[in-house]
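Descriptive analysis of the structure
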Number of protein chains: 2
Amino acid sequence: MTWLRSAFQDELDGVTATLVDLSKLVSDAISKATHALLNADIKEAEAVIAADDRVDEIQHELDSRIIDIIARQQPVASDLRALVTALRMSADLERMGDMAHHVAKISRLRHPAHAVPEELRGTVEEMGKVARLISDKVGTIINSKDIDRALEVEHDDDEMDKLHRKLFTTLLDPNWTHGIESAIDITLIGRYYERYADHAVSVSRRVYFQVTGKYNSK
Amino acid sequence: MTWLRSAFQDELDGVTATLVDLSKLVSDAISKATHALLNADIKEAEAVIAADDRVDEIQHELDSRIIDIIARQQPVASDLRALVTALRMSADLERMGDMAHHVAKISRLRHPAHAVPEELRGTVEEMGKVARLISDKVGTIINSKDIDRALEVEHDDDEMDKLHRKLFTTLLDPNWTHGIESAIDITLIGRYYERYADHAVSVSRRVYFQVTGKYNSK
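Keep in mind that this is a model prediction, so the values were computed, not measured. (Residues numbered from 1 in each chain as written. Chains lettered and ligands numbered in written order. Predicted model: local features only at pLDDT ≥ 70, side-chain atom pairs only at ≥ 80, totals over all residues. Heavy atoms only, no water.)

With respect to the overall build of chain A
Along the backbone of chain A there are six helices and zero strands. For chain A, the succession of helices and strands along the chain, N to C, is α-α-α-α-α-α. Whereas a compact globule of 218 residues would reach a radius of gyration of roughly 17 Å, chain A reaches 19 Å, a difference of no more than 12%. In terms of its C-alpha atoms, chain A occupies a principal-axis envelope of roughly 70 × 35 × 20 Å. (Helix = DSSP H or I, 4+ residues; strand = E, 2+ residues; numbered from the N terminus. Rg over C-alpha atoms; globule rule 2.2 N^0.38 Å.)

Regarding the packing of helix H2 (residues 42-73) of chain A against helix H3 (residues 77-110) of chain A
Residue and element names in this part refer to chain A. Two numbers describe how H2 lies on H3: the axes approach to 9 Å, and their chain directions differ by 165°. The orientation of H2 relative to H3 falls into the category roughly antiparallel. Of the two elements, H2 crosses H3, and the hand of that crossing is left-handed. Along the lines of polarity and charge, the residues of the contact of H2 with H3 split into 16 nonpolar, five polar and eight charged. (Axes fitted to C-alpha atoms, helices over the stretch in contact; angles between N-to-C directions. Parallel < 35°, antiparallel > 145°, perpendicular 65-115°, else oblique. Left-handed = near helix turned anticlockwise from the far one by under 90°. Nonpolar A, V, L, I, M, F, W, Y, C, P; charged D, E, K, R; others polar.)

What about the layout of surface pockets?
Residues and elements named next belong to chain A. In this structure, the second largest pocket occupies an estimated 230 Å³ of space. Taken together, 15 residues form the lining of the second largest pocket, with Leu-12, Thr-16, Ala-82, Lys-145 and Gln-210 sitting closest to its centre. Here the lining of the second largest pocket takes seven residues from helix H1 (residues 2-39), the largest share from any one element. Taken together, the residues of the lining of the second largest pocket sort by class into seven nonpolar, four polar and four charged. (1 Å grid on protein atoms, 1.4 Å probe; cavity = no way out; pocket = protein on both sides within 12 Å on 5 of 7 lines; lining within 4 Å. Points joined across faces, edges and corners; volume = space filled by probe spheres on them.)

Here's the deal with the relation of the copies chain A and chain B
Applying a rotation about an axis and a shift along it to one chain copy brings it onto the other copy. Under the fitted operation, chain A is carried onto chain B by 0.0 Å of movement along the axis and a turn of 180°, and the coordinates agree to an RMSD of 0.0 Å. Those values place the two copies in the arrangement expected of a two-fold rotation axis. Comparing interface residues between copies, 100% of those in chain A also lie at the interface in chain B; the contact surface is shared. (Least-squares fit on C-alpha atoms with pLDDT ≥ 70 in both. Contact = heavy atoms within 4.5 Å.)

Comments concerning the confidence of the model for chain A
Residue and element names in this part refer to chain A. Chain-level pLDDT for chain A is 95 on average; 97% of the residues reach the 70-or-more range. Per-element confidence in chain A ranges from a low mean pLDDT of 93 for H1 to a high of 98 for helix H4 (residues 121-144). For this predicted complex, the interface confidence score (ipTM) comes to 0.94, while the overall pTM stands at 0.95. (pLDDT = per-residue confidence, 0-100.)

Some words on empty space enclosed by the protein
It is the rolling of a water-molecule-sized probe over the atoms that shows where space remains empty. Under the definition given, this model contains one cavity of 30 Å³ or more. Each pocket or cavity is described by its volume, and for the largest cavity that value is around 30 Å³. Every residue lining the largest cavity is listed: A:Ile70, A:Gln74, A:Pro75, B:Ile70, B:Gln74 and B:Pro75. Broken down by class, the residue content of the lining of the largest cavity amounts to four nonpolar, two polar and no charged.

Some words on the pattern of salt bridges
Across all of its chains, the model carries 37 salt bridges over all chains by this definition. We note a salt bridge from A:Asp98 to A:Arg95, for which the minimum N-O separation is 2.7 Å. Within this pair, A:Asp98 and its partner A:Arg95 are both found in helix H3, separated by three residues, close to a single helical turn. Residue A:Asp98 is classed as buried on the basis of its relative accessible area of 12%. Take A:Arg95: its relative accessible area is 15%, and that puts it in the buried class. Here B:Lys137 makes a salt bridge to B:Asp156, at a shortest N to O gap of 2.8 Å. Note that B:Lys137 is positioned in helix H4 (residues 121-144) and B:Asp156 in helix H5 (residues 147-172), a separation of 19 residues in sequence. In this structure, B:Lys137 and B:Asp156 share a single accessibility class: buried. (Salt bridge = Lys/Arg side-chain N within 4 Å of Asp/Glu carboxyl O. Buried < 20%, exposed > 50% of the residue type's maximum accessible area, 1.4 Å probe, protein only.)

Describing the side chain of B:Glu94
Residue and element names in this part refer to chain B. Relative to the elements of secondary structure, Glu-94 occurs in helix H3 (residues 77-110). For the buried Glu-94, which has no salt bridge, the nearest side chain bearing the opposite charge is Arg-95, at an N-O separation of 5.6 Å. Other than its neighbours up to four places away in sequence, Glu-94 contacts Val-55, Asp-56 and Gln-59. (Lys, Arg positive; Asp, Glu negative; His and termini not counted.)

Structure follows, in structure tokens:
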């Protein structure tokens, strides 16, 4: 039984390691997507779009592996919960990759023009930084199961919401001169960063639940 | 063993029934949210917002039940896959409920004004109809596991995409006189209906996969 438990633990550790890998890939993707967006860098945008296939592949492979572990090991109680939670975290991380992909696609669509007007560059840059910080942190938390850091992610998300509101304030300023098309782009870009952060919060809450058995809804 | 199998089958049928219930609730929610939006009906908007808690509750209860079935019955192969697929379908359906909720919130935010300008009423009304049709169909498919109907959902989603593009064409028309705030609302509303339909497609693809063992990506 000790041996079995240890084989299972190894498999669970492997799942955790892949989740951390996924968090690194999407962190990298949102960073590069932000850079591509702010610099109208078509090559970087294309690279982010292409790299998302890899995230999807890893997620599919991971999900099959998790289901296979459940079938073979027939875990119960907290072990089963850990695996189901991993399935959900992988879905969140995959979706974060999609959001980076969407940001990159707007950059590509507007190339060679810049999708983000000058007066919003600072805000979008900040959103990109917060997004990266939050997914880097989530990667650490998946690994360490550090509850205090999991709670910190809620504050990072507040910061993202603040930046999101700032986008809208600028859009709605009577001095906005960039017209409707740009307003549509910015609305969607804002939504993508906000959703990226929401999914990161979701991952951190799942870790919190896994460790404490309680839901943290702030 | 026959008895065990049958007890398991009953539990699986119960899961399917709850998924169908969820599909009905979200279908109803998107219908009412559309009606509230087009008629600036604050009471109906509030009702949709309040009803989303019920969807979330049912989803949580269902997920716990599914995990409990896996722990007790220790299913393998196709039975395990059916349960994991059910977990994913419940997440899609819960998210469809969120989208209806978001539409209702825009309606409430703009009340007593109308969030949708006259020239877009027709398109938004159509989006609401397609959304309802698609989730009604998905409810039937979850129950019947009818593969041909699951494939039909892809076409319904094409219809939604067409309507979504039509929204943008109207927004970008030089004759658009409703300003930036309205453009933001319409961009978000369009995104919510599009995502609603995407999640419905996702459910239909999961049914397809469950029955055929193959992925249908169109």
